[in-house]
Amino acid sequence: MLSRFSTLVLVSCVALVTSRAAAEVVVPPPEDEPLARVAGPTSGAASMLSGRTLGSGRAVVAAAAGWPGVWGELALAPSSELNVHVRGTFLYGAPIMGLVEGIGGELAVPVRVHVLGDGQIDLAIRMTPRVSVGEGRLFGEREGLGGALAGGLVLDVHGVLGFQLDPNVTLLAGLGGGAGGSVVDHSSLGIAWTARLAGELGLEALVSRDFMLFVHVEAGYGFAPDRAGLAFYPAREVLSVSLGAAYVL
């Protein structure tokens, strides 16, 4: 009986040692199978406009002046791969297309989704729904309806690159387009469907860890319905210029 018990104890000890040794063996991945890269921005340096999104939990406030207006913005980062911005603009120029002067306002909610980070390069998709109101001349009408109440709703989608020239300077470039509609009170045209294509360039420079200066230019061409007689959106240039500053909260 004692011999059988001793044999059972010996077998159990051998099994325990063997299982522990097997657990400690690390099996390397095949040489042709690269290790998974953790997704996320390539740098923790703040960026408001480029493809490098803000780190998780960060917040930035910004203000800028240019064309077609002056604006203030709050950027929040629920995660390092998703940034949500809220921008309010006082307009003195056309927000959709055309180099036309007038008074209005706009609310935009740009959303940046980080899709690639490699070396000094980041790529994001920026989706920007925008709603604006103002004088009819800002939304395609001239002459008699130029002062009528008008508004527009547009969704822009751009691919945006960020290239970090050095730890404090980022060059940005983007390309995309948008579509939507505008309406002018008392206009016989009703809702006018519009579209636009545009490219953008910009530069962001960190003066300190929390303070940044930036310049941004977007230019392109817009499309709108043709109308006999008085042309609708007679000016179809797309232009936006911003020179501003941002602060990390």
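Here the structure is a predicted model, which means the values were calculated and not measured.

1. A word on the overall build of the protein chain
Step number 1: Each helix and strand in the protein chain was counted, giving 1 helix and 11 strands.
Step number 2: Reading the protein chain from its N terminus to its C terminus gives the helix and strand order α-β-β-β-β-β-β-β-β-β-β-β.
Step number 3: Counting only contacts in the protein chain whose residues sit at least 6 apart along the sequence, the fraction spanning at least 24 positions is 58%.
Step number 4: Accessible surface, the protein chain as shown: approximately 13,200 Å² in total, 69% of it carbon and sulfur.

2. Some remarks on the side chain of arginine 52
Step number 1: Structurally, the position occupied by arginine 52 is in the loop between helix H1 (2–23) and strand S1 (59–67).
Step number 2: Although arginine 52 is buried, it makes no salt bridge; aspartate 122 carries the closest opposite charge, 4.8 Å away.
Step number 3: Sequence-distant contacts of arginine 52, defined by excluding residues within four places in its chain, comprise Pro41, Thr42, Ser43, Ala45, Ala46, Ser47, Arg112, Asp122, Gln164 and Thr170.

3. A word on the environment of leucine 165
Step number 1: By the secondary structure assignment, leucine 165 is in strand S7 (residues 149–166).
Step number 2: Residues leucine 165 and isoleucine 121, spaced 44 residues apart in sequence, show a C-alpha to C-alpha distance of 9.6 Å.
Step number 3: The residues touching leucine 165, leaving out its near neighbours within four places in the chain, are Gln120, Leu171 and Leu203.

What counts, and at which threshold
- Residues numbered from 1 in each chain as written.
- Predicted model: local features only at pLDDT ≥ 70, side-chain atom pairs only at ≥ 80, totals over all residues.
- Heavy atoms only, no water.
- Helix = DSSP H or I, 4+ residues; strand = E, 2+ residues; numbered from the N terminus.
- Contact = heavy atoms within 4.5 Å.
- Areas by Shrake-Rupley, 256 points an atom, 1.4 Å probe, with all protein chains shown as cover.
- Buried < 20%, exposed > 50% of the residue type's maximum accessible area, 1.4 Å probe, protein only.
- Lys, Arg positive; Asp, Glu negative; His and termini not counted.
- Salt bridge = Lys/Arg side-chain N within 4 Å of Asp/Glu carboxyl O.

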